[in-house]
Amino acid sequence: QRYIIASVGSDNGGGTARTTTLSGASLTWTEITNVTPGTGRRITAFRAVTTGATSGAITITHSGTAADGTNWSFTSFQNVDMSGTNGSNGIVQTATNTGSAVMALTATLGAFSSANNATYGTIFNNANFAITEGTGFTELGEDNTLRSIQSEFRVDNDTTVNWTWGSNAVTMGIGIELKYLLPSTGFLALF
């Protein structure tokens, strides 16, 4: 069994931010949340659950004309609560933040509902700078092709989901509290 979180960043060059949807791999992709700084950029997080092996292409679709740049990150987890509508109970809370010309960003979560829960974060910016994960986080994946996206994780509670990088950029980030079924035993793997 796997709980999958996908994050997709899109840049429309300062125009209208594009709405993003996912399909494919015989999975149902449900949006968790999204955030845009109002400058044509957006990052969207999705969830999906699978109880067995799955394969196939995943299609990212943007509304309107094609985005100038798109980056993505996919991660699968074990021991996340998969109950509710398409795993809705696995997401306890989310937090978002944006910055227009910044070299660091923090998405601040509220107090965690359980010490057993874990922290996930994902960030997107409009430049191709290497992104450094927050203290105590493990980088899950990073892509710096034209724009930059990164995802990070820690197996415990952290209300301060943060990142840094080397030069000013328009940036948006998402922090998520994941509900674990077993304490401190979350196995994660890149998808």
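Below, the structure is looked at part by part.

So, how was this worked out
Residues numbered from 1 in each chain as written. Predicted model: local features only at pLDDT ≥ 70, side-chain atom pairs only at ≥ 80, totals over all residues. Heavy atoms only, no water. Helix = DSSP H or I, 4+ residues; strand = E, 2+ residues; numbered from the N terminus. Buried < 20%, exposed > 50% of the residue type's maximum accessible area, 1.4 Å probe, protein only. Contact = heavy atoms within 4.5 Å. Polar contact = N/O pair within 3.5 Å; in protein donor to acceptor, adjacent residues only side chain to side chain. Pairing = 2+ DSSP bridges. Core = buried A, V, L, I, M, F, W, Y, C linked by side-chain atoms within 4.5 Å.

**A word on the side chain of N125**
Part 1 of the argument: If you trace the backbone, N125 turns up in strand β8 (residues 118–125).
Part 2 of the argument: A relative accessible area of 0% places N125 in the buried class.
Part 3 of the argument: Beyond its immediate stretch of four places on either side in the chain, N125 contacts I131, R147, S148, W165, A169, V170 and T171.

**Remarks on the side chain of T119**
Part 1 of the argument: By secondary structure assignment, the location of T119 is in strand β8.
Part 2 of the argument: A distance of 2.8 Å separates a polar atom in the side chain of T119 from the backbone oxygen of D156.

**So, the pairing of β8**
Part 1 of the argument: The element β8 is largely enclosed, with a buried count of eight among its eight residues.
Part 2 of the argument: On β8, burial covers both faces: A118, Y120, T122 and F124 on one face and T119, G121, I123 and N125 on the other are all buried.
Part 3 of the argument: Two strands pair when backbone bridges link them, and β8 and strand β12 (residues 160–178) are joined in this way by eight bridges, in the antiparallel orientation. Bridging across to β12, T122 finds its partner in I174.

**Observations regarding the nonpolar core**
Part 1 of the argument: Grouped together as the largest cluster of nonpolar side chains are 22 residues, with contacts concentrated most on I5, F77, I176 and L178.
Part 2 of the argument: Mapped onto this core, the elements with two or more residues apiece are β1 (2–11), β3 (30–35), β4 (41–50), β8, β11 (148–154) and β12.
Part 3 of the argument: In terms of residue count, β12 provides more of this core than any other element does, five residues in total.
Part 4 of the argument: Within the second largest apolar cluster, 13 residues are counted, among which are F112, A127, F137 and W165.

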